[in-house]
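Take a look at the letters that make up each chain.
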Amino acid sequence: MNRWSQDLYGKEVVTTTKEELYKELSDAIVSCKKDQVLAAVEKARGELEAPDIIENGLAAGMNEVGTLFERGKLFLPHVMMAAEAMQAGVDELKDDMPESSEKAASVIVNGTVEGDVHDIGKSIVSTMLQTSGFEVYDIGRDTPVADFIAKIKETDANMVGISALMTTTLQGQKEVIEALEEEGLRDKVKVMVGGAPATNSWAKKIGADCYAENATEAVNKAKELLL
Ligand code: B12
């Protein structure tokens, strides 16, 4: 609910709570309208930090879109429009990301496995790792195992982030780890997996070093493992 308060000059202004801003951001994504998302981002950016806007507002809205899609209330074109609107919102916030003063020496290659075109979450993870001081090479979506390995070799990476958003493509994470072992790279490259169907126990089962549920956790886990 909006509340009235007074600014420095005694003029009445409307204030909005954090929860209301999250809801406005989330509702804007569910509306699938880019303009509405950009307006909600503009309103929230004075009150909330960029990662908070993304994780608790925009990403929450995208999850709601997923639920509505599953229930047959929204269809694929809506999901595509919501995804585009989400990307526009995230792009708008790139310059607001808190930059880390310390430059980490670690290099991270991050990508979505072959057969999987979902890349919104993975790109958020890349952006947040980058602004936390890591040198990040985002190799995109639908990425063959060989491309993961080639980029890791080329950049002498210390960590690989592997995203998969579908139960049918989750296996791709295991394939990247197997390829690292075959190439004799496993000991020098930490593996972090993520994406909605991944879990801690899946990460353990396939021999990954860690699983992170969201971008904030990904940054914390990368720091724990690499710094
Ligand atoms: C947006 C979306 C799309 C968009 C993707 C646009 C894009 N550029 O990414 C479009 C419309 C293209 C799409 C297509 C399809 N989709 Co889709 N899609 C979604 C949806 C609604 C949201 C995904 C999303 O962006 N979430 C928001 C982001 C911020 O969250 P996130 O991705 O989970 O990322 C966070 C974490 O997971 C984590 N994370 C993510 N990656 C990584 C990586 C690392 C290293 C780490 C540490 C963490 C991490 O951090 C992120 C930030 O917090 C989901 C439903 C859902 N609830 O997930 C379905 C969903 C994933 N899609 C699904 C399906 C089936 C499809 C299609 C096959 C549909 C079709 N019938 O054609 C195609 C797939 C084609 C293909 N080969 O890949 C299913 C998958 C079901 C399954 N088998 O598991 C879902 C679950 C919907 C459903 N319930 O049916 N989709």
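Residues numbered from 1 in each chain as written. Predicted model: local features only at pLDDT ≥ 70, side-chain atom pairs only at ≥ 80, totals over all residues. Heavy atoms only, no water.

**Some details on the overall build of the protein**
Part 1 of the reasoning: Along its length, the protein carries nine helices and seven strands.
Part 2 of the reasoning: For the protein, whose C-alpha radius of gyration is 19 Å, the value lies close to the compact-globule estimate of 17 Å for 227 residues.
Part 3 of the reasoning: When the backbone C-alpha atoms are referred to their principal axes, the protein occupies close to 65 × 45 × 25 Å.
Part 4 of the reasoning: The 227 residues of the protein split such that 45% are buried.
Part 5 of the reasoning: Counting contacts in the protein only where the partners sit at least 6 residues apart, residues at least 24 apart contribute 67% of the total.
Part 6 of the reasoning: Surface exposure of the protein reaches about 12100 Å², of which carbon and sulfur atoms provide 50%.
Part 7 of the reasoning: Averaged over its 24 positive side-chain charges, the protein has a centre that lies 2 Å from the centre of its 40 negative ones. (Helix = DSSP H or I, 4+ residues; strand = E, 2+ residues; numbered from the N terminus. Rg over C-alpha atoms; globule rule 2.2 N^0.38 Å. Buried < 20%, exposed > 50% of the residue type's maximum accessible area, 1.4 Å probe, protein only. Contact = heavy atoms within 4.5 Å. Areas by Shrake-Rupley, 256 points an atom, 1.4 Å probe, with all protein chains shown as cover. Lys, Arg positive; Asp, Glu negative; His and termini not counted. Charge placed at Lys NZ, Arg CZ, Asp CG, Glu CD.)

**Notes on the coordination of the cobalt atom of the ligand**
Part 1 of the reasoning: A lone protein donor binds the cobalt atom of the ligand: His118 (NE2), at 2.2 Å.
Part 2 of the reasoning: You can see His118 is positioned in the loop between β3 (107-112) and α5 (120-131). (Donors = N, O, S within 2.8 Å, 3.2 Å for Na, K, Ca; no water.)

**Considering the nonpolar core**
Part 1 of the reasoning: Ranked by internal contacts, the top residues of the largest apolar core, which has 44 residues, are Leu25, Ile29, Leu58, Met86, Ile124, Leu129 and Met192.
Part 2 of the reasoning: Looking at this core, the elements with two or more residues in it are α1 (18-30), α2 (34-44), α3 (50-70), α4 (76-93), α5 and α9 (215-226).
Part 3 of the reasoning: The dominant element in this core, judged by the number of residues it contributes, is α3, at eight residues.
Part 4 of the reasoning: When residues of this core are assigned to domains, at least three map to each of domain 1 (16-94) and domain 2 (105-224).
Part 5 of the reasoning: Beyond its immediate sequence surroundings of up to four residues, Leu129 is in contact with Ile108, Phe134, Val136, Met192, Ala218, Val219 and Ala222. (Core = buried A, V, L, I, M, F, W, Y, C linked by side-chain atoms within 4.5 Å. Domains from an automatic or database assignment.)

**Here we look at the site of the ligand**
Part 1 of the reasoning: Around the ligand sit 39 residues in total, of which Glu70, Val117, His118, Asp119 and Ser163 are the nearest.
Part 2 of the reasoning: For the ligand, an oxygen atom lies 3.1 Å from a polar atom in the side chain of Glu55.
Part 3 of the reasoning: The side chain of Ser163 places a nitrogen or oxygen atom 2.8 Å from a nitrogen atom of the ligand.
Part 4 of the reasoning: For the ligand, the cavity whose grid points lie within 2 Å of the majority of its atoms is the largest pocket.
Part 5 of the reasoning: At the level of elements, α3, α4, α5, β5 (159-163), β6 (190-194) and α9 are the ones that each hand at least two residues to the shell around the ligand. (Near = heavy atom within 4 Å. Polar contact = N/O pair within 3.5 Å; in protein donor to acceptor, adjacent residues only side chain to side chain. 1 Å grid on protein atoms, 1.4 Å probe; cavity = no way out; pocket = protein on both sides within 12 Å on 5 of 7 lines; lining within 4 Å. Sits in = over half its atoms within 2 Å of the grid points.)

**A closer look at the sheet that holds β3**
Part 1 of the reasoning: As summarised here, the arrangement of the five strands in space is β4-β3-β5-β6-β7, forming an open sheet in which the pairing is parallel. This sheet does not close on itself; its edge strands, each paired only once, are β4 (135-138) and β7 (210-211).
Part 2 of the reasoning: Along the sheet face, helix α6 (residues 145-155) touches β3, β4 and β5 and points at about 165° away from the line of β3. (Pairing = 2+ DSSP bridges. Axes fitted to C-alpha atoms, helices over the stretch in contact; angles between N-to-C directions.)

**A short note on the domain arrangement of the protein**
Part 1 of the reasoning: If you check the domain split of the protein, you get domain 1 (16-94) and domain 2 (105-224).
Part 2 of the reasoning: Summarising the inter-unit geometry, the C-alpha centres of domain 1 and domain 2 are found 25 Å apart.
Part 3 of the reasoning: Contacts between domain 1 and domain 2 engage eight residues on the former and seven residues on the latter.
Part 4 of the reasoning: Interface area, domain 1 with domain 2, both sides summed: about 650 Å², of which 73% is carbon and sulfur.
Part 5 of the reasoning: Broken down residue by residue, the surface that domain 1 buries against domain 2 is led by Glu55, Gln87 and Lys94, which jointly contribute 53%. (Buried area = accessible area lost by both parts, 1.4 Å probe.)

**Digging into the pattern of salt bridges**
Part 1 of the reasoning: What the rule picks out here adds up to 15 salt bridges.
Part 2 of the reasoning: Among the ionic pairs, Arg45 bridges to Glu92, the shortest N-O distance being 3.3 Å. Pair noted here: Arg45 is in the loop between α2 and α3 and Glu92 is in helix α4, with a separation of 47 residues, a long-range link.
Part 3 of the reasoning: The partner of Lys94 in a salt bridge is Asp91, with the nearest N and O atoms 3.2 Å apart.
Part 4 of the reasoning: Looking at Asp91, the relative accessible area reads 39%, which means it is partly exposed. (Salt bridge = Lys/Arg side-chain N within 4 Å of Asp/Glu carboxyl O.)

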